[in-house]
Amino acid sequence: MQLKNKRIAVLAENNYEPRELWCPRYRLEEEGAEVHILGTGAAAYSSKQGLEVQVDHNVADVKAEDYDGVVIPGGYAPDAMRRHKPLIDFVRNLFDQGRVVAYICHAGWVAASADIVRGKRVTSFASIRDDMVNAGADWVDEPVVRDGNLISSRVPSDLPAFHRTLIEALAEG
């Protein structure tokens, strides 16, 4: 129970990748964290395969300082997430406060839109490499990359390394 008394947000939007939302959620809960699913307005969202997740709060109604970190799942959801100003502000505020921001796959788009990858060593799904580089990141092709309080991974098969790094970072804070 390394994460007892930690509160973590997991972001949700339609067309999320289910393994990248549910696996981190359950892994963090196993370590004792309180996990909240935050959305952009709907009460529930569907994954790319139709798996529904219920939202605990609208991201516009919470404060970054109430969370120790955030997990941003990929899939196609980040394309919608990055257009929602309160969500982008939430991610940027967490990052600026030195709290953990972790993303996987296409969720690098959210980090790029929040302008938190500039000068950072990161990874992502390979197809958005150019977007990450154009946002000022030093992009590498590795299963998980941690640069300070920013953690990134490429694909669902990287989840074991992602979880280990995420839990370690959250336990430090």
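Reading the values: the criteria
Residues numbered from 1 in each chain as written. Predicted model: local features only at pLDDT ≥ 70, side-chain atom pairs only at ≥ 80, totals over all residues. Heavy atoms only, no water. Pairing = 2+ DSSP bridges. Helix = DSSP H or I, 4+ residues; strand = E, 2+ residues; numbered from the N terminus. Contact = heavy atoms within 4.5 Å. Axes fitted to C-alpha atoms, helices over the stretch in contact; angles between N-to-C directions. Buried < 20%, exposed > 50% of the residue type's maximum accessible area, 1.4 Å probe, protein only. Polar contact = N/O pair within 3.5 Å; in protein donor to acceptor, adjacent residues only side chain to side chain. Phe/Tyr/Trp six-rings, centres within 6.5 Å; stacked < 30°, edge-to-face > 60°.

**Examining the sheet that holds strand S1 (residues 7–11)**
Part 1 of the reasoning: Read across the sheet, seven strands follow the order S5-S2-S1-S6-S7-S11-S10 without closing on themselves; strand pairing throughout is mixed. Two strands close off the open sheet at either side, each with one partner strand: strand S5 (57–58) and strand S10 (144–147).
Part 2 of the reasoning: Sheet strands in contact with helix H1 (residues 18–30) are S1, strand S2 (34–39), strand S6 (69–72) and strand S7 (100–104), and its direction is about 155° off that of S2.

**Let's talk about the pairing of S10**
Part 1 of the reasoning: Note: S10 against strand S11 (residues 150–153), four bridges, orientation antiparallel. Among the inter-strand pairings, Arg 146 is bridged to a residue of S11, identified as Ile 151.

**Concerning the environment of Glu 52**
Part 1 of the reasoning: Structurally, the position occupied by Glu 52 is in strand S4 (residues 52–54).
Part 2 of the reasoning: We classify Glu 52 as partly exposed; its relative accessible area is 46%.
Part 3 of the reasoning: Between the alpha carbons of Glu 52 and Met 81 there is a distance of 17 Å; along the sequence they are 29 residues apart.
Part 4 of the reasoning: Within the structure, the side chain of Glu 52 is placed 2.8 Å from the side chain of Gln 54, a separation counted as a polar contact.

**A few points about the packing of aromatic side chains**
Part 1 of the reasoning: According to the stated counting rule, one finds two aromatic pairs in the structure shown.
Part 2 of the reasoning: Ring geometry for Trp 22 versus Tyr 26: centroids 5.6 Å apart, planes at 40°, classification tilted. Of this pair, Trp 22 and Tyr 26 are both found in helix H1, four residues apart, which corresponds to roughly one turn of the helix.
Part 3 of the reasoning: Ring centres of Tyr 67 and Phe 90 lie 5.8 Å apart, and the angle between their planes is 80°; this geometry places the pair in the edge-to-face category. In this pair, Tyr 67 sits in the loop between S5 and S6 while Phe 90 sits in helix H3 (residues 85–96), placing the two residues 23 residues apart along the sequence.
Part 4 of the reasoning: Taking the relative accessible area as the measure of exposure, Tyr 67 reaches 2% and is therefore buried.

**Things to note about unusual backbone geometry**
Part 1 of the reasoning: Even without glycine at this site, Cys 105 takes up a positive phi of about 65°.
Part 2 of the reasoning: What makes Cys 105 buried here is its relative accessible area of 8%.
Part 3 of the reasoning: Phi is positive for Asp 115, which is not a glycine, with a value near 55°.
Part 4 of the reasoning: Looking at the secondary structure, you find Asp 115 in the loop between helix H4 (108–113) and strand S8 (121–122).

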